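Structural overview for review
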Amino acid sequence: MKKSIFLLTALSVCTTWFASCHTHTYDNQTLSVAIISPLDTSTLADASQVVLSVLFTASDELHDAEVELKNEANDSTVFSWEGSHLHLPNYSFLDTIDLSGLPAGTELHMTAKAYYDHDATTWASMEIHFDLP
């Protein structure tokens, strides 16, 4: 029974991850962005420790990547990160931020983008929404 529960949980996590990954192909190169945490349309348990986790992957290499978190009510930027000249095939972004200064129930919009080129003309992106408790 415990083995079945473990397997179902693992299958659910993998299915959610692959279903939420956004991929773009350009000139036979593939670029993918997967927001791992928080989950889309979720309400967080603790606004003081919000884990932001994004996996960026490329068949060749990433040039730039960015993560942005905005307040849905007024479109103000709550958090922003930009990685320039990464030149890596994979990059894992992980940060824990404190959003407890925002009112309970605040709706947030998170966007993650990865770029192939210096001119930022070719990219893949993913967006999610979530609420604060």
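1. Considering the overall build of the chain
- Across its full length, the chain carries one helix and nine strands.
- Counting from the amino terminus, the chain carries its helices and strands in the arrangement α-β-β-β-β-β-β-β-β-β.
- In the chain, which comprises 133 residues, the share counted as buried stands at 35%.
- For the chain, the exposed area adds up to about 7,800 Å²; of that, 53% sits on carbon and sulfur atoms.

2. Topic: the packing of aromatic side chains
- Inspection of the entire model under this criterion finds five aromatic pairs.
- Residues Phe79 and Phe93 carry aromatic rings whose centres are separated by 6.2 Å and whose planes lie at 50° to one another, so their mutual orientation is tilted. One end of the pair, Phe79, is in strand S6 (residues 77-83); the other, Phe93, is in strand S7 (residues 88-97), with 14 residues separating them in the sequence. In this pair, the class of Phe79 matches that of Phe93, namely buried.
- On the numbers, 5.6 Å between centres and 10° between planes, the contact of Trp81 with Tyr91 is stacked. Here Trp81, found in strand S6, pairs with Tyr91, found in strand S7; they are ten residues apart in sequence, far enough to count as distant.
- Classification of Trp81 by relative accessible area gives buried; the value is 18%.
- The lysine or arginine in question, Lys113, covers the ring of Trp123, its NZ or CZ lying 4.6 Å from the ring centre.

3. Remarks on the sheet that holds strand S8 (residues 107-115)
- A sheet is described by the order of its strands in space; here five strands give the open sequence S3-S9-S8-S5-S6, paired in mixed fashion. Lying at the two open borders of the sheet, with one neighbouring strand each, are strand S3 (42-43) and S6.
- Of the strand pairs in this sheet, S3 and strand S9 (residues 123-131) are connected by two bridges, and their pairing is parallel. Looking at the pairing, Thr43 lines up with Asp131 of S9.

4. Notes on the side chain of Asn71
- With respect to the element layout, Asn71 can be found in strand S5 (residues 64-71).
- A residue is classified by how much of its surface remains accessible, and Asn71, at 10% relative accessible area, is buried.
- Engagement of the side chain of Asn71 in a polar contact is seen with the backbone nitrogen of Ala73, the distance being 2.9 Å.
- If we ignore the near neighbours within four places in the chain, the residues touching Asn71 are Ser76, Val78, Thr106, Glu107 and Leu108.

Cut-offs and rules
Along each chain, numbering runs from 1 in the same order as the chain's sequence is written. Local features are withheld for residues below a pLDDT of 70 in this predicted model, meaning they are given only at 70 or higher, and side-chain atom pairs are given and counted only at 80 or more; totals for whole chains, interfaces and linings count all residues. With hydrogens and water stripped out, all remaining heavy atoms of the structure feed into the side-chain values. Comment: elements are numbered from the N terminus, with helices defined as DSSP H or I runs of at least four residues and strands as E runs of at least two. Per-residue accessibility, obtained with a 1.4 Å probe over protein chains only, is compared with the maximum for each type, and a residue is labelled buried under 20%, exposed over 50%, and partly exposed between these values. Only the protein chains shown count as cover for residues, and the accessible areas themselves come from Shrake-Rupley with a 1.4 Å probe. A pair of aromatic rings is counted whenever rings of Phe, Tyr or Trp (Trp by its six-membered ring) have centres within 6.5 Å, and the orientation is called stacked for planes under 30 degrees apart, edge-to-face for over 60 and tilted otherwise. Placement of a charge over a ring requires the Lys NZ or Arg CZ to be within 6 Å of the ring centre, with the centre-to-atom vector within 35 degrees of the ring normal. Strand pairing follows a simple DSSP-based rule, namely that at least 2 bridges must link the two strands. Between N or O atoms, a polar contact is any pair within 3.5 Å; within protein, one atom must be a potential hydrogen donor and the other a potential acceptor, and residues adjacent in sequence are included only when both atoms are from side chains. The contact criterion used throughout is that any non-hydrogen atoms of two residues lie within 4.5 Å.

The quantities given are spatial measurements derived from coordinates; they are silent on function.
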